[in-house]
Amino acid sequence: MAKECKSEPSCVLCQGGGTKPPLHHEYELSTRQEAPARYKMTRILQLYLNHCMAAQSLLMQSVKKMKIDVAILCDQHRDLRSPHTWISDADSQVAIWVRGGVPVQRRASGQSRFYTWAQIAGIYFFSVYAPLDFPLINFVGPQGGSVIDLTFASDTLSERVKSWRVSGAYTGSDHRAIVFEVLPAGKPTLQPCSGEPSQVERPHDGQRLLRRDDVRR
């Protein structure tokens, strides 16, 4: 019978019409679409660019290769313009670069100095720059002093941080990049960090993830 049938194949569940797709078709469609942003892991890169054009040019390539969603930056060479989602301070000393269509719920007006912030995928991110004459300098080398790179997270958010590490990738800056992921809320978390050890074990790196209560601001 099937061999002699000349009609186009059809699904018995689809017969009967209606504007809404049957449940089995809805499932097929949902499996082909990307997961909603609220269910995705957010991949973060943190880097001090040292006002270097070469470092920022290399960053443009690195974020794409590493599939970075949010870049938290300090001392950028220049601000990026539309269509980039680039949130900076009044003096272009810090920036948060949001990529890949990650939703931004709220953002700074750009009138503050030395810090900026944005609410991204339900998480508040801050990028803060301490000038070299600020009394936080605690690294001194042959070429002068430098402010160390720190990552702060609230106790609640730190439980969702995965694989915080100092990257060994070349940055073009005199600082190395920090890379980590933030898992979506409601997912089992607190997986052991991988990659290179943090400042606790390598004090000469000057980079560390701090887990503590919400930072006072």
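A few points on the structure. (Residues numbered from 1 in each chain as written. Predicted model: local features only at pLDDT ≥ 70, side-chain atom pairs only at ≥ 80, totals over all residues. Heavy atoms only, no water.)

**Regarding the nonpolar core**
As a reminder of what qualifies: Only buried Ala, Val, Leu, Ile, Met, Phe, Trp, Tyr and Cys residues count toward a nonpolar core, and they belong to the same one when joined by side-chain atoms within 4.5 Å. A simple rule labels every residue: compare its accessible area, found with a 1.4 Å probe on the protein chains alone, to the largest value its type can have, and call it buried under 20%, exposed over 50%, or partly exposed in between. Numbering of helices and strands starts at the N terminus; helices are DSSP runs of H or I of at least 4 residues and strands are runs of E of at least 2. What makes two residues a contact is simply this: any of their non-hydrogen atoms within 4.5 Å.
Judged by nonpolar contacts, the single largest core of 18 residues is most densely connected at Ile44, Ile96, Ile120, Phe125 and Phe180. Looking at this core, the elements with two or more residues in it are strand S2 (70–74), strand S4 (94–98), strand S6 (115–120), strand S7 (123–128), strand S11 (161–166) and strand S12 (178–182). The residues touching Ile96, leaving out its near neighbours within four places in the chain, are Val70, Ala71, Thr85, Trp86, Ile87, Thr116, Trp117, Ala118, Ile120, Phe125, Phe126 and Ser127.

**Some thoughts on the side chain of Asp79**
The following threshold applies: Residues counted as positive are Lys and Arg, residues counted as negative are Asp and Glu, and His and the chain ends are not counted. Think of a salt bridge as a Lys or Arg side-chain nitrogen and an Asp or Glu carboxyl oxygen that are within 4 Å of each other. For the purposes of these results, a polar contact is taken to be a pair of N or O atoms within 3.5 Å, where, inside protein, one atom must be able to donate a hydrogen and its partner to accept one; residues adjacent in sequence count only when each atom of the pair is a side-chain atom.
Tracing the sequence through the fold places Asp79 in the loop between S2 and strand S3 (85–88). Lacking a salt bridge, the buried Asp79 has Arg81 as its closest oppositely charged neighbour, with an N-O distance of 4.8 Å. Of the polar contacts made by the side chain of Asp79, one reaches the side chain of Trp86; its length is 2.8 Å. Of note is the side chain of Asp79, whose polar atom sits 3.2 Å from the side chain of Ser88. In contact with Asp79, not counting residues within four places along its chain, are Trp86, Ser88 and Ser92.

**Let's talk about the pairing of S4**
Regular strands place side chains that alternate from one sheet face to the opposite one. As a reminder of what qualifies: Only strands that DSSP links by at least two bridges are regarded as paired with each other.
The buried count for S4 comes to five of five residues, which makes it a mostly enclosed element. What you see with S4 is no split at all: Val94, Ile96 and Val98 on one side and Ala95 and Trp97 on the other are buried throughout. Looking at chain direction, S2 and S4 are connected through five bridges and run antiparallel. Paired with Ile72 across the strands is Ile96, a residue of S4. Inspection of the sheet shows S3 paired to S4 by four bridges, in the antiparallel sense. Note on S4: the bridge partner recorded for Trp86 is Trp97. Count of turn residues in the S3/S4 antiparallel hairpin: five residues, of which Ser92 carries a positive phi of about 55°.

**Some words on the packing of aromatic side chains**
Threshold: The criterion for an aromatic pair is that two Phe, Tyr or Trp rings (for Trp, the six-membered ring) have centres within 6.5 Å, with stacked assigned to planes under 30 degrees apart, edge-to-face to planes over 60 apart and tilted to the rest. In this scheme, Lys NZ or Arg CZ marks a charge over a ring once it lies within 6 Å of the ring centre and within 35 degrees of the ring normal.
With the rule as written, the count across this model stands at four aromatic pairs. On the basis of an interplanar angle of 15° and a centroid distance of 6.1 Å, the ring pair of Tyr48 and Tyr129 is categorised as stacked. On the criterion of sequence distance, the pair formed by Tyr48 in strand S1 (residues 42–48) and Tyr129 in the loop between S7 and strand S8 (139–141) is long-range, its members being 81 residues apart. Here Tyr48 and Tyr129 have matching classes, each one buried. Between Trp86 and Trp97 the ring centres are 5.8 Å apart and the planes differ by 50°, which places this aromatic pair in the tilted class. Of this pair, Trp86 sits in strand S3 while Trp97 sits in strand S4, and the two are eleven residues apart along the sequence. Each member of the pair, Trp86 as well as Trp97, carries the same accessibility label: buried. Three or more aromatic residues link up through ring pairs in this structure, and these residues are Tyr48, Phe114 and Tyr129. A cation over an aromatic ring shows up here: Arg99 above the ring of Trp97, its NZ or CZ 5.6 Å from the ring centre.

Geometric values such as these leave the question of function open.
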